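# Overview (structure and organization)
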Amino acid sequence: GNLCLGGSIGRYAGHVLNSGATGEFSLTIDVSALPQPMGTVSAAAGDLWYFQAWFRDSILGFPSSNFTDGAAVLFR
């Protein structure tokens, strides 16, 4: 996968999740504390934010990592 994000990228450090056999995971997002490089900010109505997950995988028994498709979220 491709990293679809650019510019100032915040990340949810320490949020290691396991997708299990279904290949799905969920993370509750606090819209009043979205991570940015210099701290957290609140989302405001009309803001468009993009999210993407980085995951580890195994291909033919060899460790690998990849990115999910990006998701756009319009806050109202």
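## Looking at unusual backbone geometry
Among all residues except glycine, the phi angle is most often negative; among peptide bonds, the trans geometry is most common. Even without being a glycine, L60 presents a positive backbone phi close to 55°. By the element assignment, L60 lies in the loop between β4 (54-59) and β5 (62-67). Overall, the relative accessible area of 79% leaves L60 in the exposed class.

## Regarding the environment of Y12
Topologically, Y12 is positioned in the segment before β1 (34-36). On a C-alpha basis, the gap between Y12 and F55 in space is 13 Å, while along the polypeptide they are 43 residues apart. Excluding residues that lie within four positions of it along the chain, Y12 makes contacts with L27, I29, L34, P35 and F51.

## Some remarks on the confidence of the model for the protein chain
Mean pLDDT over the protein chain: 89, with 100% of residues reaching 70 or higher. In the model of the protein chain, β4 stands out as the element of lowest mean pLDDT, 84, in contrast to strand β2 (residues 39-41), which has the highest, 95.

## With respect to the environment of S26
Residue placement: S26 occurs in the segment before β1. Considered as a pair, S26 and Y12 are 14 residues apart in the sequence and their alpha carbons are 13 Å apart.

## Describing a nonpolar patch on the surface
A cluster of nonpolar residues, L48, Y50 and L74, forms a patch on the protein surface that exposes about 310 Å² of accessible area. Along the polypeptide, L74 turns up in strand β6 (residues 71-74).

## Considerations on the side chain of Q52
Structurally, Q52 is set in the loop between β3 (48-51) and β4. From its side chain, Q52 meets the backbone nitrogen of C4 in a polar contact 2.9 Å long. At a separation of 2.6 Å, a polar atom in the side chain of Q52 contacts the main-chain carbonyl oxygen of T68. If we skip the residues at most four places from it in the chain, Q52 touches N2, L3, C4, L5, F67, T68, D69 and G70.

Definitions and cut-offs
- By convention here, each chain's residues receive numbers from 1 onward along its written sequence.
- Reporting in this predicted model follows two pLDDT cut-offs: at least 70 for local features of residues, and 80 or more for side-chain atom pairs to be given and counted; totals over whole chains, interfaces and linings ignore these cut-offs and use all residues.
- Heavy atoms from the whole structure form the basis of all side-chain values; hydrogens and water molecules are not counted.
- For the purposes of this entry, the term helix denotes a DSSP run of H or I that reaches at least four residues, the term strand denotes a run of E that reaches at least two, and both are numbered from the N terminus.
- Residue exposure (1.4 Å probe, protein chains only): buried if accessible area is under 20% of the type maximum, exposed if over 50%, otherwise partly exposed.
- It only takes one pair of heavy atoms within 4.5 Å for two residues to be counted as in contact.
- Per residue, pLDDT measures the predictor's confidence, with a range of 0 to 100.
- For patch building, the residue pool is restricted to those with more than 30% relative accessible area and no salt bridge; the joining distance is 9 Å between like charges and 5 Å between nonpolar side chains (Val, Leu, Ile, Met, Phe, Trp, Tyr).
- To be clear on the numbers: accessible area is Shrake-Rupley with a 1.4 Å probe, and residue cover counts the displayed protein chains and nothing else.
- Think of a salt bridge as a Lys or Arg side-chain nitrogen and an Asp or Glu carboxyl oxygen that are within 4 Å of each other.
- Pairing of N or O atoms within 3.5 Å defines a polar contact, subject to two protein rules: one partner must be a possible hydrogen donor and the other a possible acceptor, and residues neighboring in sequence count only if both atoms are side-chain atoms.

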